[in-house]
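This is what each chain is made of:
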Amino acid sequence: MRIRATGAAIVGALALSTLAVPAAQADNSLDRKDKSALVQAVRAAQQADSGAAQASGRAASAAEDGVPYELDLSFSQVKVNNGKPIVVGVSNQVTVPVTYTVTHGADVDIFAPDFLMDVEIYRGGTDYWSQTHGLLGDEWPVCTAVSSTVATCKGTIDIYPEFDLTLADATTWKTYGYAVAYNGQDPEDENIDLSQVGVVEQDPLGVTTKLQRYSKLTVNASPEPVVKGKTITVTGKLSRANWETHKYAGYTKQPVKLQFRKAGTSTYTTVKTVYTDGYGNLKTTRTASTDGYWRWSFAGTSTTPAVNATGDYVDVK
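Enquirer: Would you explain the state of the cysteines in this entry?
Expert: The term disulfide refers to a covalent linkage connecting the sulfur atoms of a pair of cysteines. Under the criterion given, the structure shown has 1 disulfide. For Cys-143, the disulfide goes to Cys-153, at an S-S distance of 2.1 Å. Disulfide Cys-143-Cys-153: torsion about the S-S bond near 110°, hence right-handed. One end of the pair, Cys-143, is in strand S8 (residues 142-145); the other, Cys-153, is in strand S9 (residues 150-159), and 10 residues separate them in sequence. Neither residue differs from the other here; Cys-143 and Cys-153 are each classed as buried.

Have a look at this one:
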(Lines give C-alpha, C1' and ligand atoms only; values in the text may rest on other atoms or scores of the structure.)
Protein backbone atom coordinates (compact mmCIF):
# COMPACT_ATOMS: atom_id res chain seq x y z
CA MET A 1 0.00 0.00 0.00
CA ARG A 2 1.16 3.52 -0.66
CA ILE A 3 -0.28 6.90 0.19
CA ARG A 4 0.77 9.74 -2.09
CA ALA A 5 -0.11 13.34 -2.73
CA THR A 6 -0.88 13.96 -6.39
CA GLY A 7 0.18 17.60 -6.34
CA ALA A 8 -1.04 20.08 -8.94
CA ALA A 9 -2.47 17.32 -11.09
CA ILE A 10 -5.72 16.87 -9.16
CA VAL A 11 -6.21 20.52 -8.33
CA GLY A 12 -5.49 21.54 -11.90
CA ALA A 13 -8.02 19.04 -13.15
CA LEU A 14 -10.68 20.27 -10.74
CA ALA A 15 -10.20 23.77 -12.07
CA LEU A 16 -11.66 22.83 -15.45
CA SER A 17 -14.33 25.32 -16.38
CA THR A 18 -16.81 22.54 -17.18
CA LEU A 19 -16.95 21.50 -13.51
CA ALA A 20 -18.33 23.89 -10.92
CA VAL A 21 -17.05 21.66 -8.13
CA PRO A 22 -17.24 23.87 -5.03
CA ALA A 23 -20.86 24.88 -5.58
CA ALA A 24 -21.88 21.36 -6.44
CA GLN A 25 -20.27 19.91 -3.34
CA ALA A 26 -21.83 22.57 -1.13
CA ASP A 27 -25.36 21.33 -1.82
CA ASN A 28 -24.41 17.71 -2.60
CA SER A 29 -25.78 18.13 -6.13
CA LEU A 30 -22.81 16.90 -8.17
CA ASP A 31 -24.42 14.22 -10.31
CA ARG A 32 -23.06 10.99 -11.81
CA LYS A 33 -22.12 12.60 -15.13
CA ASP A 34 -20.18 15.44 -13.51
CA LYS A 35 -18.53 13.14 -10.97
CA SER A 36 -17.39 10.76 -13.71
CA ALA A 37 -16.04 13.67 -15.74
CA LEU A 38 -14.21 14.94 -12.67
CA VAL A 39 -12.47 11.61 -12.12
CA GLN A 40 -11.51 11.31 -15.79
CA ALA A 41 -10.18 14.87 -15.76
CA VAL A 42 -8.14 14.09 -12.66
CA ARG A 43 -6.75 11.02 -14.36
CA ALA A 44 -5.70 12.93 -17.48
CA ALA A 45 -4.15 15.74 -15.47
CA GLN A 46 -2.33 13.29 -13.20
CA GLN A 47 -0.70 11.59 -16.17
CA ALA A 48 0.29 14.90 -17.70
CA ASP A 49 1.68 16.21 -14.42
CA SER A 50 3.61 12.98 -13.81
CA GLY A 51 5.23 13.23 -17.23
CA ALA A 52 6.19 16.85 -16.68
CA ALA A 53 7.65 16.11 -13.28
CA GLN A 54 9.77 13.29 -14.65
CA ALA A 55 10.95 15.50 -17.49
CA SER A 56 12.03 18.37 -15.21
CA GLY A 57 13.26 16.34 -12.25
CA ARG A 58 13.39 19.50 -10.16
CA ALA A 59 11.45 19.38 -6.90
CA ALA A 60 12.62 22.87 -6.01
CA SER A 61 11.04 24.30 -9.14
CA ALA A 62 7.72 22.62 -8.30
CA ALA A 63 7.82 24.09 -4.80
CA GLU A 64 8.42 27.54 -6.20
CA ASP A 65 5.36 27.19 -8.45
CA GLY A 66 3.24 26.23 -5.44
CA VAL A 67 1.88 22.72 -5.08
CA PRO A 68 -0.72 21.18 -2.77
CA TYR A 69 0.46 19.73 0.50
CA GLU A 70 -0.11 16.09 1.47
CA LEU A 71 -3.38 15.92 3.36
CA ASP A 72 -3.20 14.21 6.76
CA LEU A 73 -5.89 11.61 6.10
CA SER A 74 -6.01 7.85 5.60
CA PHE A 75 -8.63 5.19 4.83
CA SER A 76 -9.17 1.92 6.72
CA GLN A 77 -11.75 -0.84 7.31
CA VAL A 78 -12.94 -0.58 3.71
CA LYS A 79 -15.80 -2.87 2.68
CA VAL A 80 -17.49 -3.07 -0.70
CA ASN A 81 -20.95 -4.68 -0.75
CA ASN A 82 -20.35 -6.00 2.78
CA GLY A 83 -17.56 -8.21 1.46
CA LYS A 84 -19.79 -10.08 -1.00
CA PRO A 85 -19.38 -10.25 -4.81
CA ILE A 86 -21.34 -7.71 -6.84
CA VAL A 87 -23.81 -9.58 -9.04
CA VAL A 88 -25.20 -7.69 -12.05
CA GLY A 89 -27.87 -8.63 -14.58
CA VAL A 90 -28.47 -7.26 -18.07
CA SER A 91 -30.60 -4.18 -17.46
CA ASN A 92 -31.35 -3.18 -13.86
CA GLN A 93 -29.15 -0.66 -12.09
CA VAL A 94 -27.22 -2.20 -9.19
CA THR A 95 -26.27 -0.09 -6.18
CA VAL A 96 -24.02 -1.57 -3.49
CA PRO A 97 -22.71 0.02 -0.28
CA VAL A 98 -19.12 1.09 0.29
CA THR A 99 -18.20 1.64 3.93
CA TYR A 100 -14.94 2.76 5.48
CA THR A 101 -13.27 4.69 8.26
CA VAL A 102 -11.17 7.81 7.77
CA THR A 103 -8.57 9.00 10.24
CA HIS A 104 -7.42 12.58 9.81
CA GLY A 105 -5.54 15.40 11.45
CA ALA A 106 -7.43 17.63 13.86
CA ASP A 107 -7.00 20.50 11.40
CA VAL A 108 -8.69 18.62 8.52
CA ASP A 109 -12.38 19.52 8.17
CA ILE A 110 -13.94 16.64 6.24
CA PHE A 111 -17.37 18.29 6.57
CA ALA A 112 -16.34 21.52 4.85
CA PRO A 113 -18.45 22.34 1.75
CA ASP A 114 -15.33 22.38 -0.44
CA PHE A 115 -13.95 19.05 0.77
CA LEU A 116 -14.07 16.13 -1.68
CA MET A 117 -13.58 12.48 -0.77
CA ASP A 118 -14.52 9.13 -2.27
CA VAL A 119 -13.69 5.43 -2.52
CA GLU A 120 -14.05 3.82 -5.94
CA ILE A 121 -13.21 0.51 -7.62
CA TYR A 122 -11.14 -0.23 -10.71
CA ARG A 123 -9.62 -3.09 -12.65
CA GLY A 124 -6.56 -3.48 -14.87
CA GLY A 125 -3.28 -1.61 -14.67
CA THR A 126 -0.85 -1.33 -11.82
CA ASP A 127 -2.81 1.45 -10.10
CA TYR A 128 -5.88 3.67 -10.47
CA TRP A 129 -4.26 5.93 -13.03
CA SER A 130 -3.32 3.06 -15.37
CA GLN A 131 -6.66 1.29 -14.94
CA THR A 132 -8.64 -0.32 -17.74
CA HIS A 133 -12.01 0.54 -16.19
CA GLY A 134 -13.30 2.27 -13.07
CA LEU A 135 -16.68 2.44 -11.31
CA LEU A 136 -17.99 4.97 -8.79
CA GLY A 137 -21.13 6.05 -6.97
CA ASP A 138 -23.77 8.52 -8.11
CA GLU A 139 -23.52 10.52 -4.89
CA TRP A 140 -20.75 11.64 -2.57
CA PRO A 141 -20.33 9.58 0.62
CA VAL A 142 -21.94 10.58 3.91
CA CYS A 143 -19.71 10.56 6.99
CA THR A 144 -20.38 10.56 10.72
CA ALA A 145 -17.81 11.81 13.21
CA VAL A 146 -16.70 9.26 15.81
CA SER A 147 -14.19 11.67 17.35
CA SER A 148 -12.41 14.87 16.36
CA THR A 149 -10.06 12.85 14.13
CA VAL A 150 -12.05 9.75 13.12
CA ALA A 151 -15.20 9.32 11.04
CA THR A 152 -17.14 6.43 9.55
CA CYS A 153 -18.36 6.90 6.00
CA LYS A 154 -20.82 5.27 3.66
CA GLY A 155 -20.96 5.68 -0.09
CA THR A 156 -22.06 3.55 -3.00
CA ILE A 157 -20.95 2.00 -6.23
CA ASP A 158 -23.68 2.44 -8.85
CA ILE A 159 -23.58 0.19 -11.91
CA TYR A 160 -25.62 0.54 -15.09
CA PRO A 161 -24.96 -2.67 -17.07
CA GLU A 162 -26.27 -1.28 -20.35
CA PHE A 163 -23.63 1.45 -20.29
CA ASP A 164 -20.91 0.49 -17.82
CA LEU A 165 -19.96 -3.13 -18.43
CA THR A 166 -18.37 -5.54 -20.89
CA LEU A 167 -17.74 -9.25 -20.41
CA ALA A 168 -14.14 -8.53 -19.39
CA ASP A 169 -15.48 -6.77 -16.29
CA ALA A 170 -16.45 -10.08 -14.67
CA THR A 171 -13.26 -10.23 -12.63
CA THR A 172 -11.58 -8.95 -9.47
CA TRP A 173 -11.57 -5.17 -8.85
CA LYS A 174 -9.29 -3.11 -6.60
CA THR A 175 -10.28 -0.18 -4.37
CA TYR A 176 -8.94 3.38 -4.45
CA GLY A 177 -9.51 6.34 -2.13
CA TYR A 178 -8.79 10.05 -2.46
CA ALA A 179 -9.50 13.33 -0.67
CA VAL A 180 -9.08 16.99 -1.64
CA ALA A 181 -9.38 19.89 0.81
CA TYR A 182 -9.67 23.28 -0.92
CA ASN A 183 -9.62 25.19 2.37
CA GLY A 184 -11.49 28.13 0.86
CA GLN A 185 -9.49 28.23 -2.37
CA ASP A 186 -11.48 28.53 -5.60
CA PRO A 187 -10.31 25.92 -8.16
CA GLU A 188 -11.72 28.07 -10.96
CA ASP A 189 -9.51 30.99 -9.99
CA GLU A 190 -6.41 31.13 -12.18
CA ASN A 191 -4.58 32.70 -9.24
CA ILE A 192 -5.43 29.87 -6.85
CA ASP A 193 -2.88 29.40 -4.07
CA LEU A 194 -2.15 25.70 -4.50
CA SER A 195 -0.03 25.58 -1.38
CA GLN A 196 -3.25 26.00 0.63
CA VAL A 197 -4.90 22.94 -0.94
CA GLY A 198 -4.49 19.47 0.60
CA VAL A 199 -4.56 16.31 -1.50
CA VAL A 200 -4.08 12.62 -0.72
CA GLU A 201 -4.62 9.33 -2.51
CA GLN A 202 -4.47 5.80 -1.12
CA ASP A 203 -4.03 3.12 -3.75
CA PRO A 204 -4.65 0.29 -3.42
CA LEU A 205 -6.74 0.16 -0.27
CA GLY A 206 -5.95 -3.50 0.28
CA VAL A 207 -9.53 -4.64 -0.36
CA THR A 208 -10.80 -6.28 -3.54
CA THR A 209 -14.25 -7.15 -4.80
CA LYS A 210 -15.57 -9.40 -7.54
CA LEU A 211 -18.02 -8.44 -10.26
CA GLN A 212 -20.14 -11.40 -11.40
CA ARG A 213 -22.67 -12.11 -14.16
CA TYR A 214 -26.15 -12.82 -12.79
CA SER A 215 -27.13 -16.47 -13.32
CA LYS A 216 -30.44 -18.29 -13.88
CA LEU A 217 -31.28 -21.98 -13.64
CA THR A 218 -34.54 -23.69 -14.62
CA VAL A 219 -35.87 -27.22 -14.13
CA ASN A 220 -38.70 -29.35 -15.47
CA ALA A 221 -39.38 -32.94 -14.37
CA SER A 222 -41.94 -34.92 -16.36
CA PRO A 223 -44.32 -36.62 -16.73
CA GLU A 224 -46.40 -35.42 -13.80
CA PRO A 225 -47.79 -37.58 -12.28
CA VAL A 226 -45.74 -40.67 -13.11
CA VAL A 227 -46.21 -44.36 -12.43
CA LYS A 228 -43.73 -45.86 -9.99
CA GLY A 229 -40.88 -47.60 -11.84
CA LYS A 230 -41.37 -45.52 -14.98
CA THR A 231 -38.85 -43.03 -16.34
CA ILE A 232 -38.71 -39.39 -15.28
CA THR A 233 -37.01 -36.95 -17.65
CA VAL A 234 -35.43 -33.91 -15.99
CA THR A 235 -34.47 -30.95 -18.17
CA GLY A 236 -33.34 -27.40 -17.51
CA LYS A 237 -31.09 -24.57 -18.61
CA LEU A 238 -28.23 -22.65 -17.03
CA SER A 239 -27.84 -19.11 -18.34
CA ARG A 240 -26.06 -15.93 -17.29
CA ALA A 241 -26.03 -12.25 -18.12
CA ASN A 242 -24.21 -11.09 -21.23
CA TRP A 243 -23.31 -7.43 -20.68
CA GLU A 244 -22.58 -6.85 -24.34
CA THR A 245 -25.75 -8.25 -25.94
CA HIS A 246 -27.84 -7.37 -22.85
CA LYS A 247 -29.49 -10.77 -22.94
CA TYR A 248 -29.14 -14.02 -21.00
CA ALA A 249 -27.10 -16.69 -22.77
CA GLY A 250 -26.54 -20.37 -22.02
CA TYR A 251 -23.52 -21.14 -19.83
CA THR A 252 -21.92 -24.04 -21.66
CA LYS A 253 -19.92 -27.09 -20.54
CA GLN A 254 -20.59 -26.48 -16.85
CA PRO A 255 -21.11 -29.21 -14.20
CA VAL A 256 -24.56 -29.00 -12.61
CA LYS A 257 -25.86 -31.30 -9.89
CA LEU A 258 -29.24 -33.01 -10.15
CA GLN A 259 -30.75 -33.10 -6.67
CA PHE A 260 -33.84 -34.70 -5.12
CA ARG A 261 -35.82 -33.91 -1.96
CA LYS A 262 -38.29 -36.50 -0.74
CA ALA A 263 -41.75 -35.19 0.07
CA GLY A 264 -42.04 -34.32 3.75
CA THR A 265 -38.31 -33.61 4.17
CA SER A 266 -36.26 -30.40 3.94
CA THR A 267 -32.90 -31.55 2.58
CA TYR A 268 -31.85 -32.08 -1.02
CA THR A 269 -29.54 -34.97 -1.91
CA THR A 270 -27.31 -34.97 -4.98
CA VAL A 271 -28.22 -37.75 -7.39
CA LYS A 272 -25.72 -37.15 -10.18
CA THR A 273 -23.74 -34.46 -12.03
CA VAL A 274 -24.63 -33.45 -15.59
CA TYR A 275 -22.75 -31.03 -17.86
CA THR A 276 -24.55 -28.34 -19.82
CA ASP A 277 -24.42 -28.66 -23.59
CA GLY A 278 -23.33 -26.04 -26.12
CA TYR A 279 -26.45 -24.00 -25.39
CA GLY A 280 -26.50 -24.32 -21.61
CA ASN A 281 -29.20 -27.01 -21.68
CA LEU A 282 -29.43 -29.92 -19.22
CA LYS A 283 -31.13 -33.28 -19.63
CA THR A 284 -31.09 -36.64 -17.86
CA THR A 285 -33.44 -39.45 -16.81
CA ARG A 286 -34.21 -41.21 -13.54
CA THR A 287 -36.53 -44.00 -12.40
CA ALA A 288 -39.56 -42.84 -10.45
CA SER A 289 -39.63 -44.30 -6.94
CA THR A 290 -41.25 -41.82 -4.52
CA ASP A 291 -42.98 -38.44 -4.40
CA GLY A 292 -40.65 -35.46 -4.19
CA TYR A 293 -38.95 -32.43 -5.67
CA TRP A 294 -36.30 -32.39 -8.41
CA ARG A 295 -33.94 -29.48 -8.98
CA TRP A 296 -30.64 -28.50 -10.58
CA SER A 297 -27.88 -26.92 -8.48
CA PHE A 298 -24.94 -24.94 -9.87
CA ALA A 299 -21.94 -24.28 -7.59
CA GLY A 300 -20.81 -21.15 -9.45
CA THR A 301 -17.49 -19.96 -10.88
CA SER A 302 -15.30 -16.91 -10.33
CA THR A 303 -17.34 -14.96 -12.90
CA THR A 304 -20.79 -16.40 -12.21
CA PRO A 305 -22.58 -16.89 -8.85
CA ALA A 306 -24.05 -20.14 -7.58
CA VAL A 307 -27.73 -20.73 -8.24
CA ASN A 308 -30.37 -23.33 -7.44
CA ALA A 309 -33.47 -23.99 -9.51
CA THR A 310 -36.80 -24.01 -7.71
CA GLY A 311 -37.76 -27.62 -7.02
CA ASP A 312 -40.27 -29.24 -9.40
CA TYR A 313 -42.67 -31.65 -7.61
CA VAL A 314 -43.44 -35.04 -9.14
CA ASP A 315 -46.28 -37.18 -7.81
CA VAL A 316 -45.43 -40.90 -8.07
CA LYS A 317 -48.47 -43.20 -8.31
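Having seen the structure, we can now continue with the description.
Enquirer: What is the right way to look at the side chain of Asn-242 in this model?
Expert: Counting through the fold element by element, Asn-242 comes out in strand S14 (residues 231-242). Within polar-contact distance, the side chain of Asn-242 engages the backbone nitrogen of Thr-245 at 3.0 Å.

Enquirer: Mind showing me how you'd approach a negative patch on the surface here?
Expert: Negative charge collects at one region of the surface, where Asp-186, Glu-188, Asp-189 and Glu-190 lie side by side. Assignment of secondary structure puts Glu-188 in the loop between strand S10 (172-181) and strand S11 (198-202). For Glu-188, a relative accessible area of 41% gives the class partly exposed.

Enquirer: Any chance you could explain the sheet that holds S8 here in plain terms?
Expert: Backbone-to-backbone hydrogen bonds pair the strands of a sheet. The strands run either parallel or antiparallel. One open sheet accounts for 4 strands, arranged S3-S5-S9-S8; its pairing is antiparallel. Each having just a single partner strand, strand S3 (73-80) and S8 make up the two edges of the open sheet. Taken over all neighbouring pairs, the strand axes of this sheet differ in orientation by 25° on average, direction set aside. As defined by bridge partners, S3 adjoins strand S5 (residues 94-104) across 6 bridges and the pair is classed as antiparallel. Paired with Lys-79 across the two strands is Thr-99, which belongs to S5.

Enquirer: Would you mind going over the pattern of salt bridges with me for this structure?
Expert: A side chain of one charge can pair with a side chain of the opposite charge when the charged atoms of the two come close. Applying the stated criterion to the full structure yields 2 salt bridges. For Lys-317, the salt bridge is made with Asp-315, and the minimal N-O distance between the two is 3.0 Å. Note on Lys-317: relative accessible area 61%, which makes it exposed.

Enquirer: Can you help me understand the packing of aromatic side chains in this one?
Expert: Note on aromatic pairs: each is described by the distance of the centres and the angle between the planes. Counted by the stated rule, this structure contains 10 aromatic pairs. Ring plane angle 80° and centroid distance 6.1 Å describe the contact between Trp-129 and Tyr-176, whose orientation is recorded as edge-to-face. With Trp-129 in the loop between strand S6 (115-123) and strand S7 (133-135) and Tyr-176 in strand S10, this residue pair connects regions lying 47 residues apart in the sequence. Like Trp-129, the residue Tyr-176 is buried in the burial classification. A centroid spacing of 4.6 Å and a plane angle of 50° characterise the contact between Phe-260 and Trp-294, whose relative ring orientation is tilted. Separated by 34 residues along the polypeptide, Phe-260 in strand S16 (residues 255-262) and Trp-294 in strand S19 (residues 292-298) bring together distant segments of the chain. With respect to class, Phe-260 is no different from Trp-294; both count as buried. Ring pairing ties together the aromatic residues Tyr-122, Tyr-128, Trp-129, Tyr-176 and Tyr-178, which thus form one cluster. In this structure, Arg-240 is placed above the aromatic ring of Tyr-251, and the distance from its NZ or CZ to the ring centre is 3.6 Å.

Enquirer: Please clarify how the environment of Tyr-69 should be interpreted in this entry.
Expert: Here Tyr-69 shows up in strand S2 (residues 69-70). Using a relative accessible area of 35% as the deciding quantity, one classes Tyr-69 as partly exposed. With 129 residues separating them in the primary sequence, Tyr-69 and Gly-198 have C-alpha atoms 5.0 Å apart. The contacts of Tyr-69, once residues within four sequence positions are left out, are Asn-183, Ser-195, Gln-196, Val-197, Gly-198 and Val-199.

Enquirer: Help me out: how do you make sense of the nonpolar core in this one?
Expert: The tendency in soluble globular proteins is for nonpolar side chains to be buried as a group. Counting residues in each nonpolar core, the largest one holds 36 residues, and the members touching the most others are Leu-73, Phe-115 and Met-117. Taken together, the elements giving at least two residues each to this core come down to S3, strand S4 (86-88), S5, S6, S9 and S10. Sorting elements by how many residues they give to this core places S5 first, with 5 residues. Val-219, Val-226, Leu-282 and Ala-288 belong to the second-largest nonpolar core, a separate cluster that totals 21 residues.

Reading guide: rules and limits
- Residues numbered from 1 in each chain as written.
- Predicted model: local features only at pLDDT ≥ 70, side-chain atom pairs only at ≥ 80, totals over all residues.
- Heavy atoms only, no water.
- Disulfide = S-S within 2.5 Å.
- Helix = DSSP H or I, 4+ residues; strand = E, 2+ residues; numbered from the N terminus.
- Buried < 20%, exposed > 50% of the residue type's maximum accessible area, 1.4 Å probe, protein only.
- Polar contact = N/O pair within 3.5 Å; in protein donor to acceptor, adjacent residues only side chain to side chain.
- Patch = residues over 30% accessible without salt bridge, like charges linked within 9 Å, V, L, I, M, F, W, Y side chains within 5 Å.
- Areas by Shrake-Rupley, 256 points an atom, 1.4 Å probe, with all protein chains shown as cover.
- Salt bridge = Lys/Arg side-chain N within 4 Å of Asp/Glu carboxyl O.
- Lys, Arg positive; Asp, Glu negative; His and termini not counted.
- Charge placed at Lys NZ, Arg CZ, Asp CG, Glu CD.
- Pairing = 2+ DSSP bridges.
- Axes fitted to C-alpha atoms, helices over the stretch in contact; angles between N-to-C directions.
- Phe/Tyr/Trp six-rings, centres within 6.5 Å; stacked < 30°, edge-to-face > 60°.
- Lys NZ or Arg CZ within 6 Å of the ring centre and 35° of its normal.
- Contact = heavy atoms within 4.5 Å.
- Core = buried A, V, L, I, M, F, W, Y, C linked by side-chain atoms within 4.5 Å.

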